[in-house]
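# Descriptive structure summary
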Amino acid sequence: MPEPDGERPLLEVRSISIHFGGIQALADVSFQVAPGEAVALVGPNGAGKTTVFNCISGVSRPDTGSVRLDGHPIDHLSAARRARLGIKRTFQRLEVFPELTVRDHFLVADRVSRGDGRLWRDLLNMGRPTTAELEAAVRVAGVVGLPDALDTPVAALTLGRCRLVELGRALAGRPRLLLADEPSSGLDVTETAELAAVLRAVQRDEGVTIVLVEHDLDMVAEVVDRAVVLDSGHVIAAGPLSQVIADPVVRRAYLGRTA
Amino acid sequence: MSHFLDYAIPGVPYGCDFALMAVGLVLTFRATGVFNLAFGAQAFTGAFIFDLLVTAHHVNQWVAFMVAVLVVSPLLGLAFDRFLFRVIPTASTTAKVVTALGLLIAIPQAIPIIFRNTTSLQTTGFWLDPGHVYLNLAGSPVNGGQLSTTVVTLAVAAALVAMLRFTAFGLEMRAVVESRRLAQLEGINSKRTAAWAWVLSSVLAGLAGVLMLPLSGGNLVPSQPLQFTTLLVFGLTAAAVASVRSIPIALVAGIGLGILQNLITGYLPNSSILSAQNVKEALPFAVLAGVLLFNRELRTIEVSSDPLAACDPPPPLPAVAIRDPRLSVPMTWGFRLVVVGFLVSAATWVPDYWVTALASGLVLSVIFLSITLITGMGGWLSLCQASFAGLGAFTAGELAAHLNLPVLLGALVGALAAATTGAVIALVAARLSGLLLALFTLAFALFADGLLFNLSWLGGGNTVVVPRPQIGPVDFSRGDRNFLGLAFVVLVVCAILVKLIQRGTTGMVLAALRGSPTAAASLGISMLRQRVIIFTLSAGMAGLGGALYGSLLVRVSSLSYLYVYSLAFVVVVITTGSRSVEGAVNAGMSYAVLLLILQTYFPHYTGLEPILFAFGAMTYAAHPEGIVEYQKTRWLNRVARALQALDARRARTAGPDPAGPQPATVGGDISGA
């Protein structure tokens, strides 16, 4: 299994396995991601990519194996605790807060990540957003391309724009590790290209580590340096993206043939 | 051993009745996705019609049975399906539970009024004579009532299992409950399937009610029709044991509960806190709470979601979000004028009996605000708010009686006690959500009624005096006008607290949790932490309101805070609007005023007020924001349209804009931000 050179990995997935009823969703999956790296998790439908995300983010608990962040095991931590450690994610099936505006999404993510927003502050009428918080929300909206929709309730946005809200929300929460689960789903070609540029910028400029699950290999090529390929819950290949795509085993898993 | 059988065997028929309820609940849930809390009301209807025909009209019991169980009950089930649940097939669990709660409260109250009959239901036997002993089992005589209940239950359960397992109709039912819309796309007539499920389960409810009559010993009284709710609670406990999935397990669990209840009566002493009566009362709580907490399979009943749920429209925006900014000033001043007018009127010319009603409305509004916090903002359905209120009242009363503590201080201690209890409930039920959490709170309400409020230091089941307070020279025991002022101040403080929470980070975090708990957790929001906070605040507020209510009435007993009031309170608040402070205040005031109007002008129709609200709760699925909020939104929309038309007319009069048309923007101007 190729490892990031030199430094201690930010994320370490060690031999995780999980089954749902009689289905083995993941079997002995291992990989590492270095700080600041962008890695793709690719594979055909049902390969177990989202399950890996669920195990990393704490939504699911693996039957065996372990997940480590900065070298420390986080298996015993709840999803909320892991998020407070800097693991932020987007979802394959859209998960937004329909009653909140775009601005509220970014504000709540920002405050929770800073541990701000205690009840006593609300009771003393100190819960209103500060200028700095509002500016931060505008900045995030600019990054994800939603500056015109800040005051719009997300219930009034299209699916593609809601995907951007999800991404913005994750970014507003100051992620150290961003798990992006099919972020281009529902976006057109132009929007996908813009999203890829945003992810690349976030990784390069802000040093955010990214693990990307995506079917659009053009977008994957834009964003990541390395890929881990899953098929039926097993890691079948890992390494630089171009090398992985050329791997006959990977081609067979994707296309059912080697050519 | 013979003693054991002496106690156990008579418990079997009761257990069979519980089992019929449980089987009906499982059937309805499996086929329609509705956890039908109105089952108790359906059982009551069947029993009432049967008894009315036999005892009042001397109709042959077989004819009466046919009419009650095979005609009226299925029609009632069909009506539920056709006019309520078919309209809301994809509504949330909370919406369905609230609709069923509305029925549970409205129907048993309405039927005796409709038929003008409030005498006791007789011990009318069905099929076999309850006065005749047909056989002896291990020395225990088994009479006709017990035998017919047992035989009918077992036969019905066997027929149902066979139908669900071996017929195409059973398969269709299972498909419909997974996704009504997907089943429909596959060519299954899901409406017909669901309608049949309602008919079948309603027949079971009617049957359970009729079979309960000979077992009740003439203790079922229409004026307290919610006795059938106890039957329902045993039924839903047995259904919970079966994870709301397996009819055979529900059957066995129901019978087991009946036997257990009888064994308690036989073996436990009749004195001390663990008296047979106390434990028997608390049995549903203990078993239901235990099953909810430890039956892991039960937690998955709400996990599977409809794959087509994304087709559902988003929740409606609050009225304030669509309000034209030009309306802010007139509405604010209008509201202030109304408040001042209310206070001046209450202090001067309003008659005393109206002052009492208004004071009662203000105090109830404090309790109802606790529902705004927990249900409107938290999204958790609590069915024990009246129990928290009772805890506050009894604590204040007992502290005043035994420690001479000023009653306002006692009320604060009572609020603290209720808040602590709320926090404990939130922690214990940490893994429960939605329907299961609601049932757990109902279990606590039963525990409070059966055991907690019978403790000597919480009233001991007797009347407790909660004196009126005195602050300096102001004596609140001299008439209700002073007390109204006190209630107003407390309500304003509580309302401001709720508003501040709503507008602050906590409000946003709760909206996030309501929208998507999974996404909220991915941001670092702890559901448990928020739940403990809101349960604590809500229970504390209910405790404070309960203590004030006790002080208004001066004498209260455990009957003043029965669990049925918790159900009624939720229904009332949800009818008017659970998401806003205005909704809670509207609920409190209208409930108290309606009660006074009915008592004064329609004394024959007491009990009508919960019916009106309960029917209102059935609109919850269509208008989750509440009737008042919905009407407010409609009105604001109408005004906004009128203002826009006015603007357009002015623009036409003024002529074209020399700068040309301005481009439309999706959002607002963000430069100010």
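See the structure printed just above.
To start, this report covers the structure provided alongside it. The structure displayed is predicted, hence computed values, not measured ones.

Moving on to the sheet that holds strand β5 (residues 72–73) of chain A. Remark on secondary structure: sheet strands pair via backbone hydrogen bonds, oriented parallel or antiparallel. Residues and elements named next belong to chain A. Strand order in the open sheet formed by four strands is β2-β1-β4-β5, with antiparallel pairing between adjacent strands. The open sheet is flanked by β2 (23–33) and β5, the only strands paired with a single partner. One ladder, built from five bridges, connects strand β1 (residues 11–20) with strand β4 (residues 64–69); its direction is antiparallel. Looking at β4, one finds that V13 is bridged to V67.

V102 and F106 of chain A together with L37, F368, L369 and I525 of chain B are the most contacted members of the largest nonpolar core, which totals 239 residues. Of the residues forming this core, the biggest block, 14 residues, is contributed by helix α14 (residues 352–377) of chain B. In this structure L37 of chain B touches V97, A100, L101, L104, L232, L236 and L439 of chain B, once residues within four positions along its chain are discounted. V33, C55, I87 and V211 of chain A belong to the second largest nonpolar core, which has 28 residues in total.

The subject of this paragraph is the pairing of β4 of chain A. Residues and elements named next belong to chain A. Pairing analysis gives two bridges linking β4 to β5, with the strands arranged antiparallel. By the bridge assignment for β5, R68 is matched with P73. In this structure, the hairpin formed by β4 and β5 is closed by a connection of two residues, where D70 is found at a positive phi of approximately 55°.

A few words now on the pattern of salt bridges. Taken as a whole, this structure holds 19 salt bridges over all chains when the rule is applied. A salt bridge links R161 of chain A to D148 of chain A; the nearest nitrogen and oxygen atoms lie 2.9 Å apart. Of the two residues, R161 of chain A is situated in helix α6 (residues 159–172) and D148 of chain A in the loop between α5 (131–144) and α6; the sequence distance between them amounts to 13 residues. Judged by its relative accessible area of 28%, D148 of chain A falls in the partly exposed class. Salt-bridge contacts for E582 of chain B lead to K499 of chain B; the nearest nitrogen and oxygen are separated by 3.9 Å. Taken together, the positions of E582 of chain B in helix α23 (residues 581–601) and K499 of chain B in helix α18 (residues 480–503) put the pair 83 residues apart, joining distant regions of the chain. Its relative accessible area of 32% is what places E582 of chain B among the partly exposed residues. One salt-bridge network, held together by shared partners, links D110, R111, R114, E133 and R174 of chain A.

An ideal rise of 1.5 Å per residue puts 40 Å on 28 residues; helix α25 (residues 627–654) of chain B measures up with 40 Å between its terminal C-alpha atoms. Looking only at α25 of chain B, the buried set comprises E629, T633, L636, V639, A640 and L643 of chain B.

On the surface, R81, R84 and R118 of chain A together with R529 of chain B cluster together into a patch of positive charge. Relative to the helices and strands, R81 of chain A is located in helix α2 (residues 79–84). Overall, R81 of chain A belongs to the partly exposed group, its relative accessible area being 45%.

Turning next to the interface of chain B and chain A. One widely used convention gives an interface's size as the accessible area the parts lose upon coming together. In this complex, chain B contributes 35 residues to the contact, which on the side of chain A involves 42 residues. For the pair chain B and chain A, the two sides together bury roughly 3300 Å², of which 66% comes from carbon and sulfur. Where chain B packs against chain A, one counts one salt bridge. A salt bridge links E99 of chain A to R514 of chain B, with the nearest nitrogen and oxygen atoms 2.5 Å apart. One can count six residue pairs in polar contact (both at pLDDT 80 or more) joining chain B with chain A. When contributions to the side of chain B that touches chain A are tallied by element, the ones reaching two or more residues are α18, α19 (505–515), α20 (517–523) and α21 (527–553) of chain B. Top contributing element to the side of chain B that touches chain A by residue count: α19 of chain B, with eight residues. When the residues that make up the side of chain B that touches chain A are grouped by side-chain class, the tally is 20 nonpolar, twelve polar and three charged.

Right, let's talk about unusual backbone geometry for a bit. One can expect most non-glycine residues to show negative phi and most peptide bonds to be in trans. Backbone geometry at S232 of chain A places phi at a positive 50°, although glycine is not the residue there. Counting through the fold element by element, S232 of chain A comes out in the loop between β9 (226–231) and β10 (234–240). Residue S232 of chain A is classed as partly exposed on the basis of its relative accessible area, which comes to 46%. Phi is positive for V554 of chain B, which is not a glycine, with a value near 70°. As for its placement among the helices and strands, V554 of chain B is situated in the loop between α21 and β6 (555–556).

Residues and elements named next belong to chain A. Relative to β2, β1 runs antiparallel, the two sharing seven bridges. Across the sheet, the residue bridging to L11 is V33, located in β2. Hairpin connection from β1 to β2: two residues lie between these consecutive antiparallel strands, with G21 at a positive phi of about 60°.

A word on the sheet that holds β10 of chain A. Residues and elements named next belong to chain A. Pairing is mixed across the open sheet formed by six strands, whose spatial order is β6-β7-β8-β3-β9-β10. This sheet does not close on itself; its edge strands, each paired only once, are β6 (87–89) and β10. On average, adjacent strands in this sheet sit at an angle of 15° to one another, irrespective of strand direction. Relative to strand β8 (residues 209–213), strand β3 (residues 38–42) runs parallel, the two sharing four bridges. Paired with A40 across the two strands is L212, which belongs to β8. Packed on one face of the sheet, helix α1 (residues 49–57) meets β3, β6, β7 (177–181), β8 and β9 and runs near 150° to β7.

Residue and element names in this part refer to chain A. Inspection of the secondary structure puts Q203 in helix α7 (residues 189–206). As a C-alpha pair, Q203 and P153 span 50 residues in sequence and 28 Å in three-dimensional space. Ignoring anything within four residues of it in the chain, the contact list for Q203 reads G36, E37, A38, V208, I210, V223 and D225. Within the local environment of Q203, its side chain forms a polar contact with the backbone oxygen of G36, the two atoms lying 2.7 Å apart.

What follows is about the environment of F388 of chain B. All names here are of chain B. Structurally, F388 can be placed in helix α15 (residues 385–403). For the pair F388 and P469, spaced 81 residues apart in the sequence, the C-alpha separation amounts to 21 Å. Look past the residues within four positions of F388 in its chain and what remains in contact with it is A418, T421, G422, I425, F444, A539, A542 and G543.

A separate point is the packing of α18 of chain B against α21 of chain B. All names here are of chain B. Between α18 and α21, whose axes approach to 11 Å, the crossing angle comes to 175°. Considering their axes alone, α18 and α21 lie roughly antiparallel with respect to each other. Contacts between α18 and α21 involve D480, F483, L486, V490, C494, V498 and I501 on the former and, on the latter, L537, M541, L544, L548, S551 and L552. The class makeup of the residues in the contact of α18 with α21 is eleven nonpolar, one polar and one charged.

Parameters at a glance
- Residues numbered from 1 in each chain as written.
- Chains lettered and ligands numbered in written order.
- Predicted model: local features only at pLDDT ≥ 70, side-chain atom pairs only at ≥ 80, totals over all residues.
- Heavy atoms only, no water.
- Pairing = 2+ DSSP bridges.
- Helix = DSSP H or I, 4+ residues; strand = E, 2+ residues; numbered from the N terminus.
- Core = buried A, V, L, I, M, F, W, Y, C linked by side-chain atoms within 4.5 Å.
- Buried < 20%, exposed > 50% of the residue type's maximum accessible area, 1.4 Å probe, protein only.
- Contact = heavy atoms within 4.5 Å.
- Salt bridge = Lys/Arg side-chain N within 4 Å of Asp/Glu carboxyl O.
- Expected span 1.5 Å × (residues − 1).
- Patch = residues over 30% accessible without salt bridge, like charges linked within 9 Å, V, L, I, M, F, W, Y side chains within 5 Å.
- Areas by Shrake-Rupley, 256 points an atom, 1.4 Å probe, with all protein chains shown as cover.
- Lys, Arg positive; Asp, Glu negative; His and termini not counted.
- Charge placed at Lys NZ, Arg CZ, Asp CG, Glu CD.
- Buried area = accessible area lost by both parts, 1.4 Å probe.
- Polar contact = N/O pair within 3.5 Å; in protein donor to acceptor, adjacent residues only side chain to side chain.
- Nonpolar A, V, L, I, M, F, W, Y, C, P; charged D, E, K, R; others polar.
- Axes fitted to C-alpha atoms, helices over the stretch in contact; angles between N-to-C directions.
- Parallel < 35°, antiparallel > 145°, perpendicular 65-115°, else oblique.

This is a description of form; function is not addressed.
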